[in-house]
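Next come the chains, spelled out residue by residue.
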Amino acid sequence: NDHAERIDTAGPSTPVALSGINEVPVAGDKFYAVKTLKEAEAAAQERIQHERERDLATEKVTLDNIFDKLKQSERKELPLIVKADVQGSLETLRATLGKIGSEEVTVAVKHAAVGGVNDSDVRLAEATGSIIIGFNVTSTSSARRLAEAKGIDIRFYDVIYDLTDDVKKAAEGLLTPELKLEVLGHA
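Residues numbered from 1 in each chain as written. Predicted model: local features only at pLDDT ≥ 70, side-chain atom pairs only at ≥ 80, totals over all residues. Heavy atoms only, no water.

Student: For this particular structure, what's the right way to read the overall build of the protein?
Tutor: From N to C terminus, the protein includes six helices and four strands. Ordered by position from N to C terminus, the α and β elements of the protein give α-α-β-α-β-α-β-α-β-α. Within the protein, buried positions represent 21% of all 187 residues. Taking the contacts inside the protein whose residues are at least 6 apart along the sequence as the reference set, 64% of them involve residues at least 24 apart. Here the protein displays about 14400 Å² of accessible surface, and carbon together with sulfur accounts for 52% of that area. (Helix = DSSP H or I, 4+ residues; strand = E, 2+ residues; numbered from the N terminus. Buried < 20%, exposed > 50% of the residue type's maximum accessible area, 1.4 Å probe, protein only. Contact = heavy atoms within 4.5 Å. Areas by Shrake-Rupley, 256 points an atom, 1.4 Å probe, with all protein chains shown as cover.)

Rendered as C-alpha cells:
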C-alpha cells in the first residue's frame, strides 16, 4: 500500500504499488498474484500469444470476403496515432474518432496509448504515414527533432472539440473534389 506494507486485497480508491508491469493497465483490468516469477512469465507469454492469435485471426482474407476487402482498399484513409493523458480520455477519443468519416474516407487509429509522444511514436508514424495527435500531453525534445527531420506532423490539443474539428476538416480534405459544370452563357 502507500505505507510500503504488503496487503492481500485493495478495494476501490486504495493506492497500491505494483512491480513487474510494463504497460499502463486499462480501467477494469484484473490482476493475478502468483507465487513464483516463472509462473508469472508463463502466464504473461500465454496472454501475449493469445492476443496475437486473436489479432491475426481478424485480419484474414478469404475468397468469401476478398471483394469486400478490395472495396475497402478503394476508400481513402486518414491514419492517426493518438496519445492521451489518461485512459478515460483515450477511450473517448477512440470512440469519437471512430465515428468521423464518410463513404469515401475512413479515420484509422493505427496506435493509441497513454503518455507523451516519444521517438517510437514518430517512427511508427513514419512507417504508417500517420499524423500524431496528442491530447493533454507533450513530446520529448528528441521526438520533436526526429519528427521535424522526418516530416511527421504532430498536433497537440487541450480541447477535444478542437481536435475533432481538425480531424473532420482533414478527412473532408481527402474527399475527391466534386466537379460541377457551371454554364456562364451560350454562344
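Student: Is there a simple way to explain the pattern of salt bridges in this structure?
Tutor: Opposite charge on two side chains makes pairing possible when the charged atoms of those side chains draw close. Tallied over the entire structure, the rule returns four salt bridges. Among the salt bridges present, the one from Asp153 reaches Arg155, with a minimum N-O distance of 3.1 Å. Residue classification places Asp153 among the partly exposed residues on the basis of a relative accessible area of 30%. Under the relative-accessibility criterion, Arg155 is labelled partly exposed at 39%. (Salt bridge = Lys/Arg side-chain N within 4 Å of Asp/Glu carboxyl O.)

Student: Explain the side chain of Lys83 to me, please; I cannot follow it from the model alone.
Tutor: With respect to the helices and strands, the residue Lys83 is situated in strand 1 (residues 76-84). Looking at Lys83, its side chain comes within polar contact range of the main-chain oxygen of Gly116, at 3.3 Å. A polar contact of 2.9 Å, which involves the side chain of Lys83, links it to the side chain of Asp121. Once residues within four sequence positions are removed from consideration, Lys83 is found in contact with Ala113, Val114, Gly115, Gly116, Val117, Asn118, Asp121, Ile133, Gly134, Phe135 and Val137. (Polar contact = N/O pair within 3.5 Å; in protein donor to acceptor, adjacent residues only side chain to side chain.)

Student: What's the story with the nonpolar core in this structure? I'm lost.
Tutor: The tendency in soluble globular proteins is for nonpolar side chains to be buried side by side. Counting residues in hydrophobic clusters, the biggest one holds 17 residues, and the most contacted among them are Leu80, Val82, Leu97, Val107, Leu163 and Val167. Breaking this core down by element, the ones donating at least two residues are strand 1, helix 3 (87-99), strand 2 (105-114), strand 3 (131-135) and helix 6 (160-173). The residues contacting Leu80, other than those within four sequence positions of it, are Leu97, Val107, Ala108, Val109, Lys110, His111, Ser130, Ile131, Ile133 and Val167. Ala125, Ile132, Leu146 and Ile154 belong to the second largest nonpolar core, which has 10 residues in total. (Core = buried A, V, L, I, M, F, W, Y, C linked by side-chain atoms within 4.5 Å.)

Student: Looking at this structure, how should I read the packing of helix 4 (residues 119-128) against helix 5 (residues 141-150)?
Tutor: In a packed pair of helices, the relevant descriptors are the angle between the two axes and the axis-to-axis distance. Where helix 4 contacts helix 5, the axes come no closer than 8 Å and their chain directions differ by 20°. Compared by their axis directions, helix 4 and helix 5 come out roughly parallel. In the crossing of helix 4 with helix 5, the sense of the turn from one axis to the other is right-handed. Contacts between helix 4 and helix 5 involve Asp119, Val122, Arg123 and Glu126 on the former and, on the latter, Ser142, Ala143, Leu146, Ala147 and Lys150. Its residues assigned to classes, the contact of helix 4 with helix 5 shows four nonpolar, one polar and four charged. (Axes fitted to C-alpha atoms, helices over the stretch in contact; angles between N-to-C directions. Parallel < 35°, antiparallel > 145°, perpendicular 65-115°, else oblique. Left-handed = near helix turned anticlockwise from the far one by under 90°. Nonpolar A, V, L, I, M, F, W, Y, C, P; charged D, E, K, R; others polar.)

Student: Help me understand the environment of Leu90, please; the structure alone is not making it clear to me.
Tutor: Topologically, Leu90 is positioned in helix 3. Looking at Leu90, the relative accessible area reads 5%, which means it is buried. Linking Leu90 and Ala113, residues 23 residues apart in sequence, is a C-alpha distance of 7.1 Å.

Student: Whenever I open this one, a nonpolar patch on the surface confuses me. Can you help?
Tutor: A surface patch of nonpolar side chains, about 440 Å² in accessible area, is lined by Ile7, Val16, Leu18, Ile21 and Phe31. Looking at where Ile7 falls in the secondary structure, it is placed in the segment before helix 1 (37-58). (Patch = residues over 30% accessible without salt bridge, like charges linked within 9 Å, V, L, I, M, F, W, Y side chains within 5 Å.)

Student: Is there a simple way to explain the pairing of strand 1 in this structure?
Tutor: Counting buried positions along strand 1 gives seven out of nine residues, so the element sits mostly inside the fold. On the question of chirality, the crossover connecting strand 1 to the parallel strand 2 by way of helix 3 is right-handed. (Right-handed = clockwise from strand over helix to strand, strands pointing away.)

Student: Would you explain unusual backbone geometry in this entry?
Tutor: If you check the backbone angles, Ala4 has positive phi at about 65° while not being a glycine. On the secondary structure map, Ala4 appears in the segment before helix 1. Residue Ala4 is classed as exposed on the basis of its relative accessible area, which comes to 75%. Its identity as a non-glycine residue notwithstanding, Ser13 has a phi of 65°, on the positive side. Structurally, Ser13 is set in the segment before helix 1. The exposed category is assigned to Ser13, whose relative accessible area is 77%.

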